Amino acid sequence: MTGPCTNFHEAFMRRALELARLGWGATHPNPMVGALIVEDGEIVAEGFHAKAGEPHAEIMAMRALGRKPDTDATLYVTLEPCCTHGRTPPCTEAIIASGIKQVVVGATDPNPQHASRGFEVLRAAGVEVEAGVLAEECSDLNLIFNHWIVEKRPLVAAKIATTIDGRIACRTGESKWITGELARADVMRWRRLFPAIAVGAGTVASDDPQLTARLPEGDWCPLRFVFDAALSTATLNPLPRLFTDSNRGRTVIVTSDRQHSVVVRRLVQLGVRVWQLPAADGVIEMGAFTERCAHEGITGVLVEGGSRLLSGLLKNRALNYLLTYRAPRLFADAESIPVATGLRVEIPTVGLQLAEVHHAVFGDDQLMRGRVVYPEKLEFDSPTEDGHDHHHCGCDHD
């Protein structure tokens, strides 16, 4: 049952979430965390984690207070305080030393080796701990971190924009614009969150995208992956701006380990990075890609490729998360380009599903996002014979 005390805690936790979001996209590989100190029902200090290696949110809040907390002080924090030494000392030690006797927490540490240990340390020192306040919202804030810390691999997410009937482009390949300005602005926000963006060679050839996050507070460029097993993008004339703009050092071509060194050297000379990975039938092995990302410390990749790339990810169970924007449009054209193809689904209950689903509305468009859940067995249909190249993603390249 929800009572007055719960509502009281939730109000302060929502403010802590607002603080945590001030670190949006800047804390990798650490989580976003917000904290505040309340005395006599009033917020007296606030803090958030701004960047890996810098003080955690709890420490920032205590520093902002600038004095010893009152005896009735309560610390609100969106994530369980750390209890182990990393780049910074454990926050549990600082909380205990401060004299704070009540801590209210949102989400539990997702790391199985640490989960609830911070609570145990605090309670052993006489600190009252209440956990699970707005736990789902606090956990959702750090979906990239949660996957990384548990799986030791990047969260591979895809963004698509569709019509009501699930089409991402017209039969001509034209996709600008399926969604409206508000939805496209939200895409920029997600681009800022993810450390890396990925597209296929066909998207580069047809759209010549920038793949940057263009926000009111300024532009930001993530790592920009181009999946191009055949290195076809290196022969385009003119070269794509991903290879020539001021951010070209943040462009990474992911190609086959059998590609000729002359072409690779040409790209490197341009300032573009090249990852040569195993490929089968012209498709990069995603296991090798995510392993390389893990080695490089890349915690999340947002895929904005078209139907072909998304289909390959789904077939190989390589997609972890999906963000799908749906516009109030209907093509009703069998020759228009679908979201993905290649699987054989004969009854609805065996199709791919989303779990931990979240919804949002942007003007007339809807966003549905969630974790991809695969059936035990994936059955494949015969290869697509519609002749379409299926490169486009249907939303907001440039």
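Residues numbered from 1 in each chain as written. Predicted model: local features only at pLDDT ≥ 70, side-chain atom pairs only at ≥ 80, totals over all residues. Heavy atoms only, no water.

## Regarding the overall build of the chain
Part 1 of the argument: Helix and strand counts for the chain come out as 11 helices and 20 strands.
Part 2 of the argument: By the compact-globule yardstick of 21 Å for 398 residues, the chain fits well, its C-alpha radius of gyration being 23 Å.
Part 3 of the argument: A buried classification covers 52% of the 398 residues belonging to the chain.
Part 4 of the argument: Sequence separation of 24 or more characterises 74% of the internal contacts of the chain that already satisfy a separation of 6 or more.
Part 5 of the argument: The centroid of the 40 positive side-chain charges in the chain is displaced by 6 Å from the centroid of its 50 negative side-chain charges. (Helix = DSSP H or I, 4+ residues; strand = E, 2+ residues; numbered from the N terminus. Rg over C-alpha atoms; globule rule 2.2 N^0.38 Å. Buried < 20%, exposed > 50% of the residue type's maximum accessible area, 1.4 Å probe, protein only. Contact = heavy atoms within 4.5 Å. Lys, Arg positive; Asp, Glu negative; His and termini not counted. Charge placed at Lys NZ, Arg CZ, Asp CG, Glu CD.)

## With respect to the sheet that holds strand β8 (residues 196-200)
Part 1 of the argument: Spatially, nine strands are ordered β13-β12-β11-β8-β16-β6-β17-β20-β19 in an open sheet, and the strand pairing comes out mixed. For this open sheet the edge positions go to β13 (273-277) and β19 (353-362), each flanked by a neighbour on one side alone. Sheet twist, expressed as the mean angle between neighbouring strand axes with direction ignored, is 25°.
Part 2 of the argument: Contacts from helix α10 (residues 286-296) reach β6 (155-162), β11 (223-227), β12 (251-256), β13 and β16 (300-303) within the one sheet, and its direction differs from that of β13 by about 135°. (Pairing = 2+ DSSP bridges. Axes fitted to C-alpha atoms, helices over the stretch in contact; angles between N-to-C directions.)

## A few points about the packing of helix α2 (residues 57-65) against helix α3 (residues 91-98)
Part 1 of the argument: With their axes 9 Å apart at the nearest point, α2 and α3 run at an angle of 30° to one another. Put simply, α2 runs roughly parallel to α3. Between α2 and α3 lies a crossing of left-handed hand. Between α2 and α3, the contacting residues are Glu58, Ile59 and Met62 on the first element and Cys91, Ala94, Ile95 and Ser98 on the second.
Part 2 of the argument: Of the residues assigned to the contact of α2 with α3, the class counts are five nonpolar, one polar and one charged. (Parallel < 35°, antiparallel > 145°, perpendicular 65-115°, else oblique. Left-handed = near helix turned anticlockwise from the far one by under 90°. Nonpolar A, V, L, I, M, F, W, Y, C, P; charged D, E, K, R; others polar.)

## A look at the pattern of salt bridges
Part 1 of the argument: Throughout the structure, instances matching the rule amount to 14 salt bridges.
Part 2 of the argument: Across the salt bridge formed by Asp140 and Arg369, the nearest N and O atoms sit 2.7 Å from each other. With Asp140 in helix α5 (residues 135-141) and Arg369 in strand β20 (residues 365-373), this pair connects stretches of sequence that are 229 residues apart. The same class applies to Asp140 and to Arg369, which are both buried.
Part 3 of the argument: When the shortest N-O distance is used, the salt bridge between Asp186 and Arg189 registers 3.1 Å. Residue Asp186 and its partner Arg189 are both found in helix α7 (residues 181-193); the two are separated by three residues, about one turn of the helix.
Part 4 of the argument: Residues joined in a network through salt bridges with shared partners are Arg15, Glu18 and Glu46. (Salt bridge = Lys/Arg side-chain N within 4 Å of Asp/Glu carboxyl O.)

## Let's talk about empty space enclosed by the protein
Part 1 of the argument: Enumeration according to the criterion identifies two cavities of 30 Å³ or more in this entry.
Part 2 of the argument: Considered as a void within the structure, the largest cavity measures approximately 90 Å³ in volume.
Part 3 of the argument: Along the walls of the largest cavity sit 13 residues, with His28, Met32, Asn142, Ile144 and Leu193 positioned nearest its centre.
Part 4 of the argument: For the lining of the largest cavity, the element with the highest residue contribution is helix α6 (residues 143-151), accounting for three residues.
Part 5 of the argument: A breakdown of the residues in the lining of the largest cavity according to their chemical character gives eight nonpolar, five polar and no charged. (1 Å grid on protein atoms, 1.4 Å probe; cavity = no way out; pocket = protein on both sides within 12 Å on 5 of 7 lines; lining within 4 Å. Points joined across faces, edges and corners; volume = space filled by probe spheres on them.)

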